[in-house]
Structures are given as C-alpha cells and as structure tokens.
Amino acid sequence: MAHTGVSAMDDTTRYSEYSSKTNVRSDAEIDRQLGRTLIAVGLGVAAAGFAGRYAFQLWKPLGQVFSETAKKIKEMPAFSSYYKGGFEQKMSRREASLILGISPASTKVKVREAHRRIMVLNHPDKGGSPYLAAKINEAKDLLDKEIRR
C-alpha cells in the first residue's frame, strides 16, 4: 500500500470520534456520588458507635456475674489446699490424716516425718498456737496407736 499522505494527526482525530464519552462526568454527578459515599460512611460509624455502647452496657452486669462466680469458685473446698471446717469432738483417723497431710494408710515413718515437719512450723516455743500443737500431737498419737494394732 502506498502512503496516501494522511498525517498522524489526522489518525488520532479520526479515532477520537469513536471513543466513548461516558467517562466524562459532570460536577453535579460527582457531587451526588460523593454525598452518597459520605452518608454510607456516616451510617456505618453511627452503627459501630451504637453497637459499642450496647456492648459496654451489656458488659457491666456480665462483669459482675463473672467476678461473683470467680469468688464462689475460689471458696469451693475442691479448689482449696486447706481443710475448711473446725475440729471434730473426738478425732477420727480421717481427721488425723488431714491434720498431718498424709494418707490414712501411711506408715509409722511417714507419720513421724509429717508430725516433725508440721511441729517445726507450729511449735508454741516458736510462736505457734498451743491448741494447734496439741491437735497435731493428738493426730500423731492416734495414727501411731492405730498402726501398732
């Protein structure tokens, strides 16, 4: 094909006739779209604010319930390392083993070791209670007497 003498400028103007003019928006249309976007963002922020407020109002009573439940769990005997309750009128084998912190079926050697360990901590000469020392001695005597049989 021979060159017909059409310049490059004419080519761009010729193709510009076929380009779509829908990409060109008016200022009013841009303002409407921007307004819609701002309204949607504002509604989203308001919804998040109301949801947060509701969650905080709901959390206060739940927080109190959680703290009360935690206190009750701490007070349960199963979660305590200490025996809850006073002494019985007549000491039993079970109570004696609880006082010394050993099994009711322990040997004489274990009873003496446990008695010594606890008496070192609770001896009246070292500031311990004479009543507790008497109970510890009673527990040792009861378990020693039971083991000899």
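Each value, and the rule that gives it
Residues numbered from 1 in each chain as written. Predicted model: local features only at pLDDT ≥ 70, side-chain atom pairs only at ≥ 80, totals over all residues. Heavy atoms only, no water. Helix = DSSP H or I, 4+ residues; strand = E, 2+ residues; numbered from the N terminus. Buried < 20%, exposed > 50% of the residue type's maximum accessible area, 1.4 Å probe, protein only. Contact = heavy atoms within 4.5 Å. Areas by Shrake-Rupley, 256 points an atom, 1.4 Å probe, with all protein chains shown as cover. Salt bridge = Lys/Arg side-chain N within 4 Å of Asp/Glu carboxyl O. Polar contact = N/O pair within 3.5 Å; in protein donor to acceptor, adjacent residues only side chain to side chain.

Here we come to the overall build of the protein. For the protein, the helix and strand inventory stands at five helices and zero strands. Listed by position from the N terminus, the elements making up the protein come as α-α-α-α-α. Across the 149 residues in the protein, those meeting the buried criterion constitute 15%. For the protein, long-range pairs separated by at least 24 residues make up 50% of all intrachain contacts whose partners lie at least 6 apart in sequence. Surface exposure of the protein reaches about 12600 Å², of which carbon and sulfur atoms provide 60%.

Further remarks concern the pattern of salt bridges. Under the defined criterion, the tally for this structure stands at three salt bridges. A salt bridge links Lys135 to Glu138; its shortest N-O distance comes to 3.6 Å. Linking Lys135 with Glu138, this pair stays in helix α5 (residues 130-148), spanning three residues, or about one helical turn. By relative accessible area, which is 10% here, Lys135 ends up buried. A residue is classified by how much of its surface remains accessible, and Glu138, at 32% relative accessible area, is partly exposed.

Turning to helix α3 (residues 93-100), a few remarks are in order. Along α3, the residues that are buried comprise Glu95, Ala96, Ser97, Ile99 and Leu100. After α3 finishes, the residue Gly101 shows a positive phi value of roughly 75°.

The next subject is the environment of Ser67. Topologically, Ser67 is positioned in helix α2 (residues 27-75). Polar side-chain contacts of Ser67 include one of 2.9 Å to the backbone oxygen of Gln64.

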